[in-house]
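If you want the building blocks of each chain, they are given just below.
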2 protein chains.
Amino acid sequence: MTLTEEEGAMSRPTIVDVARAAGVSRATAARVLAGATNVDPAMAAAVGREAARLGYETNFAARVLRGGRAGAIGLVIAFDELGGLSGTFFTAVMKGAAKGLSAGEVQPVLLPADHEDLDRIPRFLRSGAIDGAIVVLQHEITHLVDRLADSPVPIAWVGRPRGEIGPDPIVIDSDNYGGGVLAARALVEHGRRNIGIITGPLDMEQARERTRGWTDELARHGIEPGPIVHGDFTLDSGTAAMARLLQRVPTLDGVFACSDLMAAGAMRVLQAAGRRVPTDVSLVGFDDILLAAANDPPLTTVRQPLEEMGRAAADTLLGAIRGDDVERVQVLPTSLVHRESL
Amino acid sequence: MTLTEEEGAMSRPTIVDVARAAGVSRATAARVLAGATNVDPAMAAAVGREAARLGYETNFAARVLRGGRAGAIGLVIAFDELGGLSGTFFTAVMKGAAKGLSAGEVQPVLLPADHEDLDRIPRFLRSGAIDGAIVVLQHEITHLVDRLADSPVPIAWVGRPRGEIGPDPIVIDSDNYGGGVLAARALVEHGRRNIGIITGPLDMEQARERTRGWTDELARHGIEPGPIVHGDFTLDSGTAAMARLLQRVPTLDGVFACSDLMAAGAMRVLQAAGRRVPTDVSLVGFDDILLAAANDPPLTTVRQPLEEMGRAAADTLLGAIRGDDVERVQVLPTSLVHRESL
DNA sequence: CTGAAAGCGCTTACAG
DNA sequence: CTGAAAGCGCTTACAG
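Criteria and cut-off values
- Residues numbered from 1 in each chain as written.
- Chains lettered and ligands numbered in written order.
- Predicted model: local features only at pLDDT ≥ 70, side-chain atom pairs only at ≥ 80, totals over all residues.
- Heavy atoms only, no water.
- Pairing = 2+ DSSP bridges.
- Helix = DSSP H or I, 4+ residues; strand = E, 2+ residues; numbered from the N terminus.
- Axes fitted to C-alpha atoms, helices over the stretch in contact; angles between N-to-C directions.
- Contact = heavy atoms within 4.5 Å.
- Least-squares fit on C-alpha atoms with pLDDT ≥ 70 in both.
- Buried < 20%, exposed > 50% of the residue type's maximum accessible area, 1.4 Å probe, protein only.
- Near = heavy atom within 4 Å.
- Polar contact = N/O pair within 3.5 Å; in protein donor to acceptor, adjacent residues only side chain to side chain.
- Nonpolar A, V, L, I, M, F, W, Y, C, P; charged D, E, K, R; others polar.
- pLDDT = per-residue confidence, 0-100.
- Parallel < 35°, antiparallel > 145°, perpendicular 65-115°, else oblique.
- Left-handed = near helix turned anticlockwise from the far one by under 90°.
- Phe/Tyr/Trp six-rings, centres within 6.5 Å; stacked < 30°, edge-to-face > 60°.
- Lys NZ or Arg CZ within 6 Å of the ring centre and 35° of its normal.
- Salt bridge = Lys/Arg side-chain N within 4 Å of Asp/Glu carboxyl O.
- Expected span 1.5 Å × (residues − 1).

Under an unreviewed UniProt entry, the name given to chain A is HTH lacI-type domain-containing protein, and the organism recorded is Microbacterium arborescens.

Written out as structure tokens, the structure is:
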């Protein structure tokens, strides 16, 4: 037996089948199914009964074609994110977003963005299969930003993209500048003076803002900012960056790593070099992903409310689609989580 | 400006717009766009040019309603999987599947399965938004299996589900029995005699098969199987299970944990109890996820070819949808990866 | 080789 | 309150 035959055998009932079984017109059946109240109760009951009996389910394509909602929202995710241990930043955001969408009776649909076919995601957004999308800015995905600028479907950005993203975008961000300030202040108040920073790629607004907050706060304390090295937020890049930092400033006594993954990588290098954390060198991370608490020693870090950010992105996007008057730009607060690396 | 107005302004061109611009009929435009060759070259060129100029994209809903393919395949994933560090088993399968789907010009669409709304996924499969689904069996998802049995859309299972899943299902599995044999043999040949097993939940075929292979192989060597304790494949459950095992058999010198995560949890308990791995106790895991190599000491483990399994699921599903004659049940080999925990 | 027409399943404006 | 009808955008069997 081929699959095609199987599918044919299971062909789905339409609203016409329901209407016929209930002895009413197609229009009446549609009204009942749409929840209209101005329908004869007996008819309504019959329609409800027959729909349940037949296992009727509204045809997705027909509803969308008619001009309705697809009832699905895309969540764009870097394909590479799928392969490694580093999925935790994205997954926290994802979790919040999925909760918000589920609460709104909307199916969350994750869309892995492929390096090799940059046009697949924009094409999918144009196809009408989803009502909108949430894009979590990650380094691997920056090249997608421009291509999504003229999306026919509304997009909620988590993190503030650089460059053109159309008029009046929905942006959910955290206070990166304030986070940089918190990290610098914590290190300074701990008596650290030879402080370096491992920041992210220059083409990401998050990295620039964190660095700016850190530099400004150091200046306020009359401290010369130490060397700045760059990673790409991954653990391996933190390892490499820490090695460079140590080479340039052997007397280093404090490091601000702009992601927990980079902080974890940095810590390995410090330990391998015989520096004790936090006795010899204090280390502050950023994000507060699960790894931060699981690390040994547990990481002091600047917390971004990732799950809340995902939730806010979902709620704001759904509101905008409904036509509600929503707060299109939201900056959620960051905070310092004290653990043992400082 | 409200969002609705924005959307209206960007309304998409239809095939009628393309046909009119190219000065041909709708039918001819459709033929060109579908890649038909028996069309006047001048007309074909005009259609191609105008479609590109207008940024035409086939309307998803209309194509599906007409009876065509949605061009998307769902990948069902346990919602909880999104939150933690344990995403690696699923993500490896996912990665392979996404590659296979992309190669087949199909959009992979991840569907998080929610505990609280068990009907959302089946409903989505019934809606016609996707052409098929890949379901990776995980403990948190077992309750979904029955509800997906009468899916109108073909499903490829990764892992063999227990219970009813319709006639002639597509099942991509690994040789769990053989993997259990490999683990037992490795421990025995290393001179271990007081061997315990931390297996998975009894309602999962994988756990039963691994245990069966392990028991049979021990019997072949004339060794009485040690105590069997159960976890649910997570790290925390491995911790708890190891504590119980140690309590029951203080002289334990070997452990087979049926997932790398449980092995990692078990190792922590062993080390906390002052047992050195592998000097005092040998430990063999299962899966060969990234964590296995990253663990300290690196984990000797039974490898499942997770990415290949995902790829096979995608290729087989797409073949079945196309109507090809495919190998509907595939069991991929497991192998022992020697590292340092044995 | 090309075009006019039917129909996929749904919802809603319109007529009664 | 209810039903007949139009139309969303597409593809393909049919007629020329």
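There is more to say after this.
**What about the sheet that holds strand S9 (residues 282-287) of chain B?**
Residue and element names in this part refer to chain B. Strand order in this open sheet of six strands is S7-S6-S8-S9-S10-S12, and the pairing throughout is mixed. Edge positions in the open sheet fall to strand S7 (228-230) and strand S12 (335-337), since each of these has one partner strand only. Taking the axes of each pair of neighbouring strands and ignoring which way they run, one obtains an average angle of 20 degrees across the sheet. Across three bridges, strand S6 (residues 195-199) lies against S7 in parallel orientation. Its bridge partner lying in S7, Ile197 is registered against Ile228. Strand contacts of helix H9 (residues 205-220): S6, S7, strand S8 (254-257) and S9, with the helix running at about 165 degrees to S6, the strand carrying the most contacts. Contacts from helix H11 (residues 260-272) reach S6, S8, S9 and strand S10 (300-303) within the one sheet, and its direction differs from that of S9 by about 155 degrees.

**Overview of the relation of the copies chain A and chain B**
Rotating chain A by 180 degrees and moving it 0.0 Å along the rotation axis overlays it on chain B with an RMSD of 0.1 Å. The superposition operator between the copies reduces to a two-fold rotation axis. Mapped onto chain B, 100% of the interface residues of chain A are again interface residues, and the two copies thus contact each other with one and the same surface.

**Side note on the side chain of Thr28 of chain A**
Residue and element names in this part refer to chain A. The residue Thr28 is located in helix H3 (residues 26-33) in this model. According to the relative accessible area criterion, Thr28 is buried, its value standing at 13%. The contacts of Thr28, once residues within four sequence positions are left out, are Val39 and Met43.

**Looking at the protein's contact with DNA strand C**
With respect to spatial proximity, 22 residues lie near DNA strand C, and among them Ile15, Arg26, Tyr56 and Arg66 of chain A together with Arg31 of chain B are the closest. Sugar and phosphate atoms constitute 58% of the interface atoms of DNA strand C, taking the interface as everything within 4 Å of the protein. Ile15 of chain A is positioned with one of its backbone polar atoms (N or O) 2.4 Å from a phosphate oxygen of DNA strand C. The side chain of Arg66 of chain B places a nitrogen or oxygen atom 2.6 Å from a base nitrogen of DNA strand C. The residue makeup of the surface near DNA strand C, split by class, is nine nonpolar, six polar and seven charged.

**Some words on the confidence of the model for chain A**
Residues and elements named next belong to chain A. Summing up the model confidence of chain A, the mean pLDDT is 88 and the portion of residues at 70 or higher is 94%. In the model of chain A, helix H1 (residues 3-9) stands out as the element of lowest mean pLDDT, 34, in contrast to strand S12 (residues 335-337), which has the highest, 98. When the criterion is pLDDT under 50, residues 1-10 qualifies, and its contacts beyond four places in sequence or with other chains add up to 14 contacts.

**Describing the protein's contact with DNA strand D**
Contacts to DNA strand D come from 22 residues, most closely from Arg31 of chain A together with Ile15, Arg26, Tyr56 and Arg66 of chain B. Arg26 of chain B places a polar side-chain atom, nitrogen or oxygen, 2.6 Å from a base nitrogen of DNA strand D. Those elements that place two or more of their residues in the surface near DNA strand D are H3 of chain A together with helix H3 (26-33) of chain B. Its residues assigned to classes, the surface near DNA strand D shows nine nonpolar, six polar and seven charged.

**Some words on the sheet that holds strand S7 (residues 228-230) of chain A**
Residues and elements named next belong to chain A. A sheet is described by the order of its strands in space; here six strands give the open sequence S7-S6-S8-S9-S10-S12, paired in mixed fashion. Each edge of the sheet is formed by a strand with only one pairing partner; in this case those strands are S7 and S12. Ignoring which end each strand starts from, the neighbouring axes of this sheet average 20 degrees apart. Packed on one face of the sheet, helix H9 (residues 205-220) meets strand S6 (195-199), S7, strand S8 (254-257) and strand S9 (282-287) and runs near 165 degrees to S6.

**Thoughts on the packing of helix H8 (residues 176-189) of chain A against H9 of chain A**
Residues and elements named next belong to chain A. Interhelical geometry of H8 versus H9 gives an angle of 40 degrees and a closest axis separation of 7 Å. Between H8 and H9, the angle is such that the two are oblique. Like other packed secondary-structure pairs, H8 and H9 cross with a definite hand, here right-handed. Two secondary-structure elements touch here, H8 through Asn176, Tyr177, Gly180, Val181, Ala184, Arg185 and Val188 and H9 through Gln206, Glu209, Arg210, Arg212, Gly213, Trp214, Asp216, Glu217, Leu218 and Arg220.

**Some details on the packing of aromatic side chains**
Residue and element names in this part refer to chain A. Counted under the stated rule, the structure contains three aromatic pairs over all chains. Taking the centre distance of 6.2 Å and the plane angle of 45 degrees together, the rings of Phe256 and Phe286 count as tilted. Of this pair, Phe256 sits in strand S8 while Phe286 sits in strand S9, and the two are 30 residues apart along the sequence. An identical accessibility class is assigned to Phe256 and Phe286; each is buried. In this structure, Arg210 packs its charged tip against the face of Phe286, placed 3.8 Å from the ring centre.

**Some thoughts on the pattern of salt bridges**
Enumeration over the complete set of coordinates arrives at 33 salt bridges over all chains. Between Glu57 of chain A and Arg126 of chain B there is a salt bridge whose closest N-O contact spans 2.9 Å. Note that Glu57 of chain A is positioned in the loop between helix H4 (41-54) and helix H5 (60-65) and Arg126 of chain B in helix H7 (residues 120-127), a pairing that runs across two chains. The exposure class of Glu57 of chain A is buried, given its relative accessible area of 18%.

**Quick look at H11 of chain B**
All names here are of chain B. With 13 residues, H11 extends 18 Å between its outermost C-alpha atoms, agreeing within 8% with the 18 Å of an ideal straight helix rising 1.5 Å per residue. Taken across its 13 residues, H11 has 10 buried, putting it largely inside the fold. Every buried residue of H11 is accounted for by Asp260, Leu261, Met262, Ala263, Ala264, Gly265, Ala266, Met267, Val269 and Leu270. On its buried face, H11 is in contact with S6, helix H10 (235-248), S8, S9, helix H12 (290-294) and S10.

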